Each structure stands twice: as structure tokens, then as C-alpha cells.
Amino acid sequence: MIDLRALREDPERLRASQRARGEDVAVVDTVLDLDERRRSAQSSFERLRAEQKSFGKSVSKAQGDERQALLARAKELAQQVKDAEGEATRLNDELNDVLRTVPNVVEDGAPAGGEDDYVVLEHIGEVPSFDFEPKDHLELGESLGAIDMERGAKVSGARFYYLTGVGARLQYAMLNLAMEQAVENGFVPMYPPVLVKPEAMEGTGFLGAHAAEVYRLPEEDLYLVGTSEVPLAAYHMNEIVDALPRRYAAWSSCFRREAGSYGKDTRGIIRVHQFDKIEMFSYCDPADAHEEHLRLLNWEKEMLAKVELPYRVIDVAAGDLGSSAARKYDCEAWVPTQNRYREVTSTSNCTEFQARRLSVRFRDGEGKSRPVATLNGTLATTRWIVAILENHQQADGSVRVPKALQKFLGLEVLEPVKR
């Protein structure tokens, strides 16, 4: 939720943000109008309530006809107080409803535009050159006995899969490597719940434009998370947090309906309904959020270097940020058989947006309670298997294991299995 005080002081900043996102600019004037009317109604209510309290003292001292007249006036005043309170509450609710539709203010410097208007910041690593026809990750995964899509579909439906044998071991190795790195850098390891209450899902911003992608259990009124960003953001909900920054790294399964992606990436494990992920999450002083964001990006780059993948870093355009993010950087690994880069990590600076909705605060140098900033970033996820298999494949169908993974996997090469 945006900062109303900042909006009153500089409404043009939100207008510019809305334009950059391709969103409705008129909402700024709607919010300002509702805010002014709400504050006026609240002032009227408080003035009438003060008058009512003062008037009550006069009634207690009066007698006879004067007392009867004052009682009649007291009754009339009580109704006015009730009406004024109702109007203030109505306008406050209406304002909050509108505010929940307004996305975070985009950070200065983020590219304007939509999904295709990202800016490439750097390319890292060399794209492999093969002297043979490379196989895609599914063909490799099946020959290695690592991926079983057919039985995943038989048991659970489309976009489900089994990681088997060295496939499961590769995932464990990759996620263990990521958690090891996180702990070495001071993150507290977490194993969070993957079912959360509506206030946690809504507070992090996933029940707006992304609601169609979320699995919901209606009888329990719980949601399956699409990222452990959700339970980590809500971990300190309704709390005052001390000793910032607080950094957590969670290992969890994640669930996405992938609504609207029919026909896209149906082959293999690029776009699936269930996957595992190590997610970094940081609570920090808003003044430090920009630098903390760059730290998260550098930790992602460190992990990609360990698994020896060629990739690029992009600055995501404002219209593709999602409602909570003020800035987002993606790392996209090269996928040889698609001849393109595909997202493997994402890190977002959500500034104070989520913290306001979830009421997560800290005390500043003057002892005042203020919202923290929240940031998140992917450290490893199942999709990485796609890039690892394809980039490290060899002519005989085997796959070289990156050195950093070998101590967890116990293998230097993944060999095809006999069927």
C-alpha cells in the first residue's frame, strides 16, 4: 500500500509511476479526493464527539424543563455523532479499497513500458557451441532417467512431473548448494508453511492481478503459495522488528495454476504447477533498500556462477513488475535448444508496500515506528535443471556436473541409463 503522506506531498511521482506501468493515472486524483473527504469527515466526527462529551456535563447539572430540552438536544447530537462516524468509516473503507488496487511506486531509473521493454544490463559467461545436435532438457532428462513427464501426467495431470534418480539428486544438490551459500552469508534458514491465510496472500500483493494463478482451498480458506516470499513476508506480520536487516532463506515447494499460459512451454519442466525453490527474503531500513536489492542480485549471480551457466541480467520494465515491486532484476540463463534466454532468478525491491499492508514496522533513530522495506530474490529453483542439463550436455548424451554440485551429488557426470 502506498504512503498517503508522500502522495499528498508529491502526487506527480505516483502519476509518473502509473504512466510508466501503463496504469490509470486518474486513480491519483480519486485517491486524493477520497483522502481529503475522509479526513474532513473524521474531523467532523471528532468535533461532534467532543461537543457531545462537553454537552453531557451540562445535562448532568440541569433540572426541570431545561434538563428535558437538553436531553432532547443530547439525543439529536448522539445521532449526529453516529452519522458522522458512519460517514468517516465509509469513506475510510472506500479509500482503502481503492488503495489496494494501486501498485507500488516505481523506483526512479526503472524502464517504462511492458513485458518486452526490459533493458539488458549485462551478459555473463559464454554461450556453448556444440559440434553435435544438442538435445533439449526433456530428451536428456528421459535418457538419464531423471525426468518422467508421462507418469506425472498420469497421476496428477498436465504440467506435473516426477524427478527420478539423478534428477531428484540433482535438485537436492542444487538446493543444498543454494542453502549453504545463504547460510554462509548470514541468512537464517527457514522451512515455511506453504498454506497461508488470505491476509498473508493479500498483504504480499498476490490476490490482485495474480489471483488467477493462485490455488485456493475454499473449505479451509487457505491458499497454496506460489513462492515462499508470501510466508516470509508475513512472518513478522503485526510486529515491530528490531536489529535490521533481517535476512531469511526458505526452502519450499511452490504451486502455480499457470492460468493464461495454455499452449506455452508445455514440453518439459519449464512452466509447471509445482516446483521447489530457495527464496531469499530481507527486511531492512527503507533507506538501505536500494543497496540491499543489489546485494540480493549479486548473491543470485554468485549461485549462477557456481553452476556454470551463461546468463544475462535484465532490468524489468515497469509494466511487467507486478503490483508489489518498485524495481525488479531478472537473471535469464541461456537455453541452447530454444536459442534464447529464459528467466531463472528474479529479485524485487518492494520498498514499504508489503510492510504497510502487513503492518511490519521498526523503530527509527528517533524511536518512531515506521514500515520496514521488504525484498525478495530467487537463489535456486527447479527450472535451473533445464539450463544445467542443456548447457552441460556432451555428445554421447551424458551431462557434465558443475564442480560446485559434485560434492552434494556425488557424481562428476550424469550418464544415460539403459531402458
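Scroll up for the structure.
All residue numbers refer to positions counted from 1 along the written sequence of the respective chain. Totals for whole chains, interfaces and linings use every residue, but because this is a predicted model, local features are given only for residues with pLDDT of at least 70 and side-chain atom pairs only at 80 or more, for both listing and counting. In computing side-chain properties, one takes all heavy atoms of the structure into account and sets aside hydrogens as well as water.

**Observations regarding the side chain of Glu300**
Along the chain, Glu300 turns up in helix H10 (residues 289-306). A 1.4 Å probe rolled over the protein chains alone gives each residue an accessible area, and that area as a share of the maximum for its type sets the label: buried under 20%, exposed over 50%, partly exposed in between. The convention is simple: Lys and Arg are positive, Asp and Glu are negative, and His and the chain ends are not counted. We count a salt bridge whenever a side-chain nitrogen from Lys or Arg sits within 4 Å of a carboxyl oxygen from Asp or Glu. Despite its burial, Glu300 remains without a salt bridge, the nearest opposite charge being carried by Lys277 at 8.7 Å. At a separation of 3.0 Å, a polar atom in the side chain of Glu300 contacts the side chain of Thr345. Contact criterion: two residues are considered in contact whenever any of their non-hydrogen atoms come within 4.5 Å of each other. Other than its neighbours up to four places away in sequence, Glu300 contacts Met280, Cys331, Thr345, Ser346, Thr347, Gly377, Thr378 and Leu379. Secondary structure elements follow DSSP: runs of H or I of four or more residues count as helices, runs of E of two or more count as strands, with numbering from the N terminus. Between N or O atoms, a polar contact is any pair within 3.5 Å; within protein, one atom must be a potential hydrogen donor and the other a potential acceptor, and residues adjacent in sequence are included only when both atoms are from side chains.

**Here we look at the sheet that holds strand S13 (residues 340-349)**
Note: two strands are recorded as paired if DSSP finds a minimum of 2 bridges between them. Within the open sheet, the 8 strands sit side by side as S1-S11-S12-S13-S16-S10-S9-S4. Their pairing is mixed. Every other strand in the sheet has two partners, leaving strand S1 (119-124) and strand S4 (188-190) as the edge strands with one partner each. Along the sheet, successive strands turn relative to each other by an average axial angle of 25 degrees, direction set aside. Two strands pair when backbone bridges link them, and S4 and strand S9 (residues 246-255) are joined in this way by 3 bridges, in the parallel orientation. From the neighbouring strand, Pro189 faces S9, where its bridge partner is Ala249. All axes here are fitted lines through C-alpha atoms, helices being fitted over the stretch that makes contact, and every angle between N-to-C directions spans 0 to 180 degrees.

**Points about the packing of helix H7 (residues 166-184) against helix H12 (residues 384-391)**
The N-to-C vectors of H7 and H12 enclose an angle of 110 degrees; their axes lie 11 Å apart at closest approach. Considering the angle they form, H7 stands roughly perpendicular to H12. Between H7 and H12 the crossing geometry is right-handed. Within the contact between the two elements, H7 uses Gly167, Leu170, Gln171 and Met174 and H12 uses Trp384, Ile385, Ile388 and Leu389. Put simply, angles under 35 degrees are roughly parallel, angles over 145 are roughly antiparallel, angles from 65 to 115 are roughly perpendicular, and the rest are oblique. Should the near helix be turned anticlockwise from the far one by less than a right angle, the crossing is left-handed, and should it be turned clockwise, the crossing is right-handed.

**Description of empty space enclosed by the protein**
To find leftover empty space, a probe the size of one water molecule is rolled over the atoms. Detection works on a 1 Å grid of protein atoms alone, calling trapped sets that fit a 1.4 Å probe cavities and calling open sets with protein on both sides within 12 Å along at least five of seven lines pockets, with lining residues defined by an atom within 4 Å of a point. Grid points are joined across faces, edges and corners, and a volume is the space filled by probe spheres set on the points. All told, the structure shown has 1 cavity of 30 Å³ or more when counted by the stated rule. Roughly 40 Å³ of internal volume is contained in the largest cavity. If you go around the largest cavity, the residues you meet are Ile270, Ala333, Val335, Arg342, Val344, Arg383, Val386 and Ala387. Sorting the residues of the lining of the largest cavity by element identifies strand S12 (327-335), S13 and H12 as the ones contributing at least two each. Residues that form the lining of the largest cavity fall into these classes: 6 nonpolar, no polar and 2 charged. Each residue gets one label: Ala, Val, Leu, Ile, Met, Phe, Trp, Tyr, Cys and Pro are nonpolar, Asp, Glu, Lys and Arg are charged, and the others, such as Gly, are polar.

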